[in-house]
Amino acid sequence: MAAAVHHVEIWVPDLSRAVTSWGWVLNRLGWKDGDGWPGGMTWTAPDGCYVVVEQSPALSAAEHDRMRPGMNHLALNAADRAEVDGIVAEAAEHGWTLMFADRHPYAGGPQHYAAFLHNTDGYELEIVAP
């Protein structure tokens, strides 16, 4: 069996904002709503990998800073360039802002068609076309 991601858990300072922003983009990419509980929510990809957002009572800070040690960003596959473009066109309505707009969609290099987004809580997400 090839290596694959089982799940990613993202601790967030505000669950409601996270469900709005992460939920929209994950659903937009074809992920399905999974389990929800008072402190969190999951979304599952077609391959079974899932993402958890959780507002844990054990948080040691009230803000995420992607520039500190830890995960800088999450990169997810889009079906094609049109899906990347559609997400960018709709992103602002769902709490996401395009990063590196002056170099979009090639901010990752001339052969890398992607959108780099960040949300209200400072999380970065890269949406990559094949």
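Per-chain numbering applies: the sequence of each chain, read as written, is numbered from 1 onward. In keeping with the predicted nature of the model, local features appear solely for residues at pLDDT of at least 70, side-chain atom pairs appear and are counted solely at 80 or more, and the whole-chain, interface and lining totals rest on all residues. To get the side-chain values, take all heavy atoms of the structure and skip hydrogens and water.

A.B. asks: Can you walk me through the pairing of strand E8 (residues 124-128) in this structure?
C.D. replies: When a strand is regular, its side chains alternate between the sheet's two faces. Whether a residue is buried, partly exposed or exposed follows from its accessible area with a 1.4 Å probe, protein chains only, as a fraction of its type maximum: under 20%, in between, or over 50%, in that order. For the purposes of this entry, the term helix denotes a DSSP run of H or I that reaches at least four residues, the term strand denotes a run of E that reaches at least two, and both are numbered from the N terminus. Burial analysis of E8 places five of its five residues in the buried class, which makes it a mostly covered element. Both faces of E8 are covered, namely the face carrying Glu124, Glu126 and Val128 and the face carrying Leu125 and Ile127. As paired elements, strand E5 (residues 73-77) and E8 share five bridges and run parallel to each other. Each residue of the ladder has a partner; that of Leu74, found in E8, is Leu125. Strand pairing is assigned whenever DSSP identifies at least 2 bridges connecting the two strands. Strand direction decides the pairing type here: strand E7 (residues 114-119) and E8, joined by five bridges, are antiparallel. Considered in E8, the bridge of Ala115 is made with Ile127. Connecting E7 to the next strand, E8, in antiparallel fashion are four residues, including Gly122 with a positive phi near 90°.

A.B. asks: Can you walk me through the environment of Gly122 in this structure?
C.D. replies: Relative to the elements of secondary structure, Gly122 occurs in the loop between E7 and E8. Gly122 sits in the partly exposed class, given a relative accessible area of 23%. For the pair Gly122 and Arg66, spaced 56 residues apart in the sequence, the C-alpha separation amounts to 7.0 Å. In what follows, residue pairs with any heavy atoms lying within 4.5 Å of each other are defined as contacts. Ignoring anything within four residues of it in the chain, the contact list for Gly122 reads His64 and Arg66.

A.B. asks: What am I meant to see in unusual backbone geometry here?
C.D. replies: Among all residues except glycine, the phi angle is most often negative; among peptide bonds, the trans geometry is most common. Put simply, His104 and Pro105 share a cis peptide bond, and its omega is 5°. Relative to the helices and strands, Pro105 resides in the loop between strand E6 (96-98) and E7. One non-glycine residue, Phe100, lies in the positive phi region at around 50°. With respect to the helices and strands, Phe100 occurs in the loop between E6 and E7. Given the relative accessible area of 31%, Phe100 is considered partly exposed.

A.B. asks: Honestly, the side chain of Glu83 in this entry has me stumped. Any pointers?
C.D. replies: With respect to the helices, strands and loops of the structure, Glu83 is situated in helix H2 (residues 81-91). Counting rule for charge: Lys and Arg are taken as positive, Asp and Glu as negative, and neither His nor the chain ends is counted. Criterion for a salt bridge: a side-chain nitrogen of Lys or Arg within 4 Å of a carboxyl oxygen of Asp or Glu. Here Glu83 is buried and forms no salt bridge, its nearest opposite-charge partner Arg28 lying at an N-O distance of 4.0 Å. Not counting residues up to four positions away in its chain, the partners in contact with Glu83 are Arg28, Leu29 and Ala78.

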